[in-house]
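Spelled out, the chains give:
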Amino acid sequence: MALYVHKYGGTSVGTVDRIRNVAAKVGRARERGDDIIVVVSAMSGETNRLVALAREIQEQPNAREMDVLLSTGEQVTIALLCMALEQYGYPACSYTGGQVRILTDDAHTKARIVDIDTNRIRRDLADGKIIVVAGFQGVSEAGHITTLGRGGSDTTAVALAGALKADECHIYTDVDGVYTTDPRVEPKAKRLQRVTFEEMLEMASLGSKVLQIRAVEFAGKYNVPLRVLSTFGEGEGTLISFEDTEMERALISGIAFNRDEAKLTVEGVPDRPGVASRIVGPIAEANIEVDMIIQNIAEDATTDFTFTVHRNDYARALQILQQTCAELGARKVTGDDAIVKVSLVGVGMRSHAGIASTMFRSLADEGINIRMISTSEIKISVVVDEKYLELAVRTLHDAFELDQIGESA
Ligand code: ADP
Ligand code: ASP
Ligand code: MG
């Protein structure tokens, strides 16, 4: 008898009929004699609806109360799914994150899981029940409800699978695996049979929302076998695994993109020690994460300093920079929040030169201007104008012949 953790995302439980469909799917897995723990998200659109309600009252809602509010979405789904399972004749029991005791730190709205008490779940499994756990939430040491950041149900599932040493963690969603890029943007995208943790981690951190980055981190760290599959069809999906020598090596495995970017530039900054920290310091103090950074040296002993932030932080970052600009005696601050980041990811890049030049040439051939560049061992990212997102993704997909790898969409 094996133990599986299944996770069903928002679209998969978006209506009562779909919840019934999930119950039937879980039931079939149970019939095969395995133990099943199910983690569910809120019904699709629900978390966004709750965020919007809060923002009607407070522009920056109180984080503790936000977590009390947001955690309700998942609580609805666990109860409805258990009812559907009971209806089909499968004994089931639902738990919120706090009831399981998924212990987290106290960083409200972006808490990290610290420990999971598995006793209650083990007892219920021994009694022959299917366990249904609310994703995306936990409880802090002091007993406050916490949430794990958007997309956090993936992390709940992986963490439970790790804590209970499950045989596999299945992430069921509205696509049948991890693709070479988002199939909504490039219909020629292909499903990957396997992808390494390292590549998946890069793809998630560069904007592919198919898996939450913390879930991938956790699975890699605790060696949890992880698979992404379709809720609505059959098929083996995509296995996320450690690199092994037999793995067929594609040069590039995917293209990720992030629409949530904005860039800011301080022009004409006196070029002297400490300037970078004077610029970035106040931004970090305001809890704004800085992503790509570029500094140019100009001939007149001044420099331009450019960096990117999340688009939600753009207005605040601009305000802070105006202040810094005056203090430093810089010329002016400019910004642009209609930019996106497009990235090529692949462990095969390590051993191949020339990827960057092919990337830059194919974008140039389409008249796409590159505004910023950053590279690491297994990725190359460029910032381009937002209007070029689809064109850039499709151009690169063609240039690297990604429709020739994996299986058809
Ligand atoms: P869920 O609600 O099940 O958690 P998400 O919306 O979070 O689902 O993630 C699934 C979506 O991720 C897909 O519908 C797809 O549009 C998007 N996506 C982005 N990049 C990729 C990729 N490389 N492969 C597959 N799906 C991707
Ligand atoms: N419901 C949460 C969200 O929409 C968590 C999740 O779906 O994973 O972000
Ligand atoms: Mg998701």
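Scope of this entry: the structure provided in the associated data block. This structure is a prediction, so every number in the text was calculated from the model and none was measured.

### Points about the sheet that holds strand E16 (residues 332-345)
Here is step 1 of the chain: Taken together, the 6 strands give an open sheet; going across it, the order is E14-E15-E13-E16-E18-E17, and neighbouring strands pair in antiparallel fashion. Strands with a single pairing partner mark the edges of an open sheet, and in this sheet they are strand E14 (290-297) and strand E17 (372-376). Each adjacent strand pair in this sheet contributes to an overall mean axis angle of 25°, direction not counted.
Here is step 2 of the chain: Docked against the sheet, helix H9 (residues 275-285) engages strand E13 (254-270), E14 and strand E15 (302-310), running at close to 25° with respect to E15.
Here is step 3 of the chain: Strand contacts of helix H12 (residues 389-399): E13, E16 and strand E18 (379-385), with the helix running at about 120° to E13, the strand carrying the most contacts.

### Notes on the packing of H9 against helix H10 (residues 314-328)
The relative placement of two packed helices is expressed as an angle between their axes plus a distance between the axes.
Here is step 1 of the chain: Packing of H9 against H10 leaves a shortest axis separation of 10 Å and a crossing angle of 145°. Crossing geometry of H9 relative to H10 is assigned as right-handed. Contacts from Arg 278, Ile 279, Pro 282 and Ile 283 in H9 reach Ala 317, Ile 320, Leu 321, Thr 324, Glu 327 and Leu 328 in H10.
Here is step 2 of the chain: Considered class by class, the residues forming the contact of H9 with H10 number 7 nonpolar, 1 polar and 2 charged.

### Some details on the site of ligand 1
Here is step 1 of the chain: Taken together, 17 residues are adjacent to ligand 1, and Thr 173, Asp 174, Tyr 179, Asp 182 and Arg 184 come closest.
Here is step 2 of the chain: For ligand 1, an oxygen atom lies 2.5 Å from a polar atom in the side chain of Arg 184.
Here is step 3 of the chain: Look at ligand 1: alone it shows 570 Å² of surface, and the protein chains cover 85% of it.

### Digging into the packing of helix H1 (residues 16-31) against helix H3 (residues 63-87)
Here is step 1 of the chain: One way to put it is that H1 packs onto H3 with a least axis distance of 9 Å and a crossing angle of 60°. With respect to each other, H1 and H3 are oriented oblique. Considering how the two elements wind past one another, H1 and H3 form a crossing that is right-handed. Residues Ile 19, Arg 20, Val 22, Ala 23 and Val 26 of H1 pack against Thr 77, Leu 80, Leu 81, Ala 84 and Leu 85 of H3.
Here is step 2 of the chain: Looking at the contact of H1 with H3, its residues break down into 8 nonpolar, 1 polar and 1 charged.

### Comments concerning the layout of surface pockets
Here is step 1 of the chain: In this structure, the second largest pocket spans a volume of roughly 360 Å³.
Here is step 2 of the chain: In terms of lining, the second largest pocket is formed by 16 residues, of which the most central are Ile 113, Val 114, Phe 218, Lys 221 and Tyr 222.
Here is step 3 of the chain: Counting only elements with at least two residues in the lining of the second largest pocket, the list comes to strand E5 (113-116), helix H6 (153-163) and helix H8 (213-221).
Here is step 4 of the chain: Of the residues contributing to the lining of the second largest pocket, the split by class is 9 nonpolar, 2 polar and 5 charged.

### Here we look at the nonpolar core
Here is step 1 of the chain: Grouped together as the largest cluster of nonpolar side chains are 66 residues, with contacts concentrated most on Ile 37, Ile 121, Val 133, Cys 169, Val 342 and Leu 344.
Here is step 2 of the chain: Ignoring any residue separated from it by four or fewer positions in sequence, one finds Ile 37 in contact with Leu 3, Tyr 4, Val 5, His 6, Ile 121, Leu 125, Ile 131, Val 133, Leu 160 and Leu 164.
Here is step 3 of the chain: Grouped together as the second largest cluster of nonpolar side chains are 22 residues, Val 22, Leu 85, Ile 130 and Tyr 172 included.

### Examining the pattern of salt bridges
Here is step 1 of the chain: For the structure shown, the criterion picks out 22 salt bridges.
Here is step 2 of the chain: Note that Arg 101 and Glu 141 form a salt bridge whose closest N and O atoms lie 3.8 Å from each other. Of this pair, Arg 101 sits in the loop between helix H4 (97-100) and strand E4 (102-104) while Glu 141 sits in the loop between strand E7 (137-140) and strand E8 (145-147), placing them 40 residues apart in sequence.
Here is step 3 of the chain: Of the residues examined, Glu 141 reaches a relative accessible area of 62% and is grouped as exposed.
Here is step 4 of the chain: Among the charged side chains, a salt-bridge network with shared partners connects Glu 198, Arg 350 and Glu 377.

Parameters at a glance
Residues numbered from 1 in each chain as written. Chains lettered and ligands numbered in written order. Predicted model: local features only at pLDDT ≥ 70, side-chain atom pairs only at ≥ 80, totals over all residues. Heavy atoms only, no water. Pairing = 2+ DSSP bridges. Helix = DSSP H or I, 4+ residues; strand = E, 2+ residues; numbered from the N terminus. Axes fitted to C-alpha atoms, helices over the stretch in contact; angles between N-to-C directions. Contact = heavy atoms within 4.5 Å. Left-handed = near helix turned anticlockwise from the far one by under 90°. Nonpolar A, V, L, I, M, F, W, Y, C, P; charged D, E, K, R; others polar. Near = heavy atom within 4 Å. Polar contact = N/O pair within 3.5 Å; in protein donor to acceptor, adjacent residues only side chain to side chain. Areas by Shrake-Rupley, 256 points an atom, 1.4 Å probe, with all protein chains shown as cover. Parallel < 35°, antiparallel > 145°, perpendicular 65-115°, else oblique. 1 Å grid on protein atoms, 1.4 Å probe; cavity = no way out; pocket = protein on both sides within 12 Å on 5 of 7 lines; lining within 4 Å. Points joined across faces, edges and corners; volume = space filled by probe spheres on them. Core = buried A, V, L, I, M, F, W, Y, C linked by side-chain atoms within 4.5 Å. Buried < 20%, exposed > 50% of the residue type's maximum accessible area, 1.4 Å probe, protein only. Salt bridge = Lys/Arg side-chain N within 4 Å of Asp/Glu carboxyl O.

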